Amino acid sequence: MSYIVPSEFVTKMVDAGESKLYMATRDAFIRALMAGAILSVAAAFAVTVTLQTGYPILGAILFPVGFCMLYLMGYDLVTGVFMLTPLAWIDRRPGVTLSAILKHWGVVFTGNFVGALIVAFLLAFVYTYGFSAPAGKIGDTLAHIGENRTLGYAAHGLAGWLTIFIRAVLCNWMVSLGVVGAMVSTSVGGKVVAMWMPIMLFFAMGFEHSVVNMFLFPTAIMLGGNFSVADYMLWNEIPVLLGNMVGGLSMTGLALYATHVKTAPRKHAIG
């Protein structure tokens, strides 16, 4: 039977968080770079499918292919390590410290960003024939996504900033469930199904994912989007990163750990 019960896969989550903290910096960076690059290609693929068909739901249905690919290859997103690595500290694993967790987050964040920037440049080059021609329909759409999700939020001031933050919390609640999905089965098919469902949901709902945005917004700037790097950081990447951190850790990591590892004593009698 390929399904792993929650008490077992949550223990695997803690083990995985500990293992990542002891990984060599070189390996953590390479795995993060490749994860950022693959997820960026998947985001461009989803936008392309949406434009070609006129049905955004088809883009959402197909976007998880990138997420499944990168996790089957053993690569890492910063949104996943936000959820996994603190569990090793909470479980008091030997040698696990907060400074080690923050250092690992920094390495994975940097790797994800470099991978996304590489793909952003390559696709911007392709869309514009080496920046010598208009970007076309897909490029124009990517540029406007960046404008709407920075200046659009900024127009609402603090309420707009909080809206991004909450959308990011909801996003990594779903995305981190996708990370857990890779641990709930011993078969490739079971892992893919478990990962696919929450990732499709997050993309279809238009929630905010910091690594997807590491691709979308730099691409938009390269293709002439009417917003600045400061707009991107203040009105998207920073609140999204914070929201992803809170959502993944609290709504997935801590919830599963509290009820499947630190289970409360059973009642002696009912009624």
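Residues numbered from 1 in each chain as written. Predicted model: local features only at pLDDT ≥ 70, side-chain atom pairs only at ≥ 80, totals over all residues. Heavy atoms only, no water.

Looking at an unreviewed UniProt entry, one finds the protein chain named Formate transporter and attributed to Comamonas serinivorans. The UniProt entry for the protein chain carries this comment under Sequence similarities (unreviewed entry): "Belongs to the FNT transporter (TC 1.A.16) family." Quoted verbatim from the Subcellular location (unreviewed entry) field of UniProt, the annotation for the protein chain is "Membrane". (UniProt positions renumbered as here; feature names shortened; annotations may be inferred.)

**Examining the nonpolar core**
The biggest cluster of nonpolar side chains holds 70 residues, and the ones touching the most others in it are Phe9, Met13, Phe63, Phe67 and Phe202. In terms of residue count, helix 2 (residues 25–53) provides more of this core than any other element does, 10 residues in total. When near neighbours in sequence (up to four residues on either side) are disregarded, Phe202 contacts Phe63, Cys171, Met174, Val175, Phe207, His209 and Val212. Core analysis: the next-biggest nonpolar cluster, separate from the first, contains five residues, Tyr153, Ala168, Trp235 and Val240 among them. (Core = buried A, V, L, I, M, F, W, Y, C linked by side-chain atoms within 4.5 Å. Buried < 20%, exposed > 50% of the residue type's maximum accessible area, 1.4 Å probe, protein only. Helix = DSSP H or I, 4+ residues; strand = E, 2+ residues; numbered from the N terminus. Contact = heavy atoms within 4.5 Å.)

**Digging into the layout of surface pockets**
Estimated volume of the largest pocket: approximately 420 Å³. Together, 22 residues line the largest pocket, and Val47, Ile145, Arg149, Phe203 and Gly206 are the ones closest to its centre. Listing elements by their share of the lining of the largest pocket, those giving two or more residues are helix 2, helix 3 (56–62), helix 7 (136–148), helix 10 (188–204) and helix 11 (210–222). Broken down by element, the lining of the largest pocket gets its largest block of residues, five residues, from helix 2. Looking at the lining of the largest pocket residue by residue, the classes come out as 14 nonpolar, five polar and three charged. What the second largest pocket holds in volume is close to 160 Å³. (1 Å grid on protein atoms, 1.4 Å probe; cavity = no way out; pocket = protein on both sides within 12 Å on 5 of 7 lines; lining within 4 Å. Points joined across faces, edges and corners; volume = space filled by probe spheres on them. Nonpolar A, V, L, I, M, F, W, Y, C, P; charged D, E, K, R; others polar.)

**Comments concerning the packing of helix 9 (residues 157–181) against helix 12 (residues 229–260)**
Here helix 9 crosses helix 12 at 45°, and the two axes come no closer than 6 Å. Classified by the angle between their axes, helix 9 and helix 12 sit oblique to one another. Helix 9 and helix 12 meet at a crossing whose hand is right-handed. Across the contact of helix 9 with helix 12, the residue classes tally to 17 nonpolar, nine polar and no charged. (Axes fitted to C-alpha atoms, helices over the stretch in contact; angles between N-to-C directions. Parallel < 35°, antiparallel > 145°, perpendicular 65-115°, else oblique. Left-handed = near helix turned anticlockwise from the far one by under 90°.)

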